[in-house]
Amino acid sequence: QVHIVESGGGLVQPGGSLRLSCAASGSAFRIYAMGWYRQAPGKQRELVATITTVGSTNYADSVKGRFTISGDNAKNTVYLQMNSLKPEDTAVYYCNARGYLIDYNYWGQGTQVTVSS
């Protein structure tokens, strides 16, 4: 089994910051990329940011310049530093780990991020 564990969510005021962490463990498989996705009430899940094991990153246009994704290959861990948070960032944030084949695709349980005054 592959276990994905997220942490770091919470309630923050607009303009504030949060740092999310995600660690993958369990059955051995070759990870190609890890990343963060989010889903707000009544909306589809969307990509936030991804990072490959060689360091290539991809961001949604809505978070560029505000969010930074980083990783530690030895720990199979990724982080998402979120700055200048907006109410529109409110969502459940899900961590994802992908292998080199489509069958190897795993999700965490999600962590709630709420941006409100």
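Cut-off values and rules
Residues numbered from 1 in each chain as written. Predicted model: local features only at pLDDT ≥ 70, side-chain atom pairs only at ≥ 80, totals over all residues. Heavy atoms only, no water. Helix = DSSP H or I, 4+ residues; strand = E, 2+ residues; numbered from the N terminus. Rg over C-alpha atoms; globule rule 2.2 N^0.38 Å. Buried < 20%, exposed > 50% of the residue type's maximum accessible area, 1.4 Å probe, protein only. Contact = heavy atoms within 4.5 Å. Areas by Shrake-Rupley, 256 points an atom, 1.4 Å probe, with all protein chains shown as cover. Lys, Arg positive; Asp, Glu negative; His and termini not counted. Charge placed at Lys NZ, Arg CZ, Asp CG, Glu CD. Pairing = 2+ DSSP bridges. Axes fitted to C-alpha atoms, helices over the stretch in contact; angles between N-to-C directions. Polar contact = N/O pair within 3.5 Å; in protein donor to acceptor, adjacent residues only side chain to side chain. Salt bridge = Lys/Arg side-chain N within 4 Å of Asp/Glu carboxyl O.

Quick look at the overall build of the protein
Step number 1: The secondary structure content of the protein amounts to zero helices and 11 strands.
Step number 2: Scaling as 2.2 N^0.38, a compact globule of 117 residues should have a C-alpha radius of gyration of about 13 Å, and the protein matches this with 14 Å.
Step number 3: Counting only C-alpha atoms, the protein reaches 45 × 25 × 20 Å along its principal axes.
Step number 4: In the protein, which comprises 117 residues, the proportion classed as buried is 38%.
Step number 5: Summarising the internal contacts of the protein: among those between residues at least 6 apart in sequence, 54% fall at separations of at least 24.
Step number 6: Surface exposure of the protein reaches about 6600 Å², of which carbon and sulfur atoms provide 47%.
Step number 7: Charge centroids of the protein, computed over 10 positive and 7 negative side chains, lie 3 Å from each other.

Some thoughts on the sheet that holds strand β3 (residues 18–26)
Step number 1: Strand order in the open sheet formed by four strands is β1-β3-β8-β7, with antiparallel pairing between adjacent strands. The sheet is open, and its two borders are formed by β1 (2–7) and β7 (67–72), each paired with just one other strand. Averaged over all pairs of adjacent strands, the angle between their axes in this sheet comes to 15°, without regard to strand direction.
Step number 2: Sheet analysis places β7 next to strand β8 (residues 77–82), joined by six bridges and oriented antiparallel. From the neighbouring strand, S70 faces β8, where its bridge partner is Y79.

As for the side chain of T77
Step number 1: Relative to the helices and strands, T77 resides in strand β8.
Step number 2: For T77, the side chain forms a polar contact with the main-chain oxygen of K75, separated by 2.9 Å.
Step number 3: Beyond its immediate chain neighbours, meaning those up to four positions away, T77 contacts C22, A23, M34, S70, G71 and D72.

Some words on the pattern of salt bridges
Step number 1: This structure, assessed with the given rule, holds four salt bridges.
Step number 2: Through salt bridges with shared partners, one network takes in R38, E46, R66 and D89.

Considerations on the pairing of strand β4 (residues 31–39)
Step number 1: Within β4, seven of the nine residues are buried, which leaves it mostly tucked inside the rest of the structure.
Step number 2: Note that β4 and strand β9 (residues 91–99) share eight bridges and pair antiparallel. Within the sheet, the bridge partner assigned to Q39 lies in β9 and is V92.
Step number 3: Here β4 runs beside strand β5 (residues 46–52); their pairing, made up of six bridges, is antiparallel. Note on β5: the bridge partner recorded for A33 is T52.
Step number 4: Taking the residues that link successive antiparallel strands as the turn, the β4-β5 hairpin has six residues, and the phi of G42 there is positive, at about 75°.

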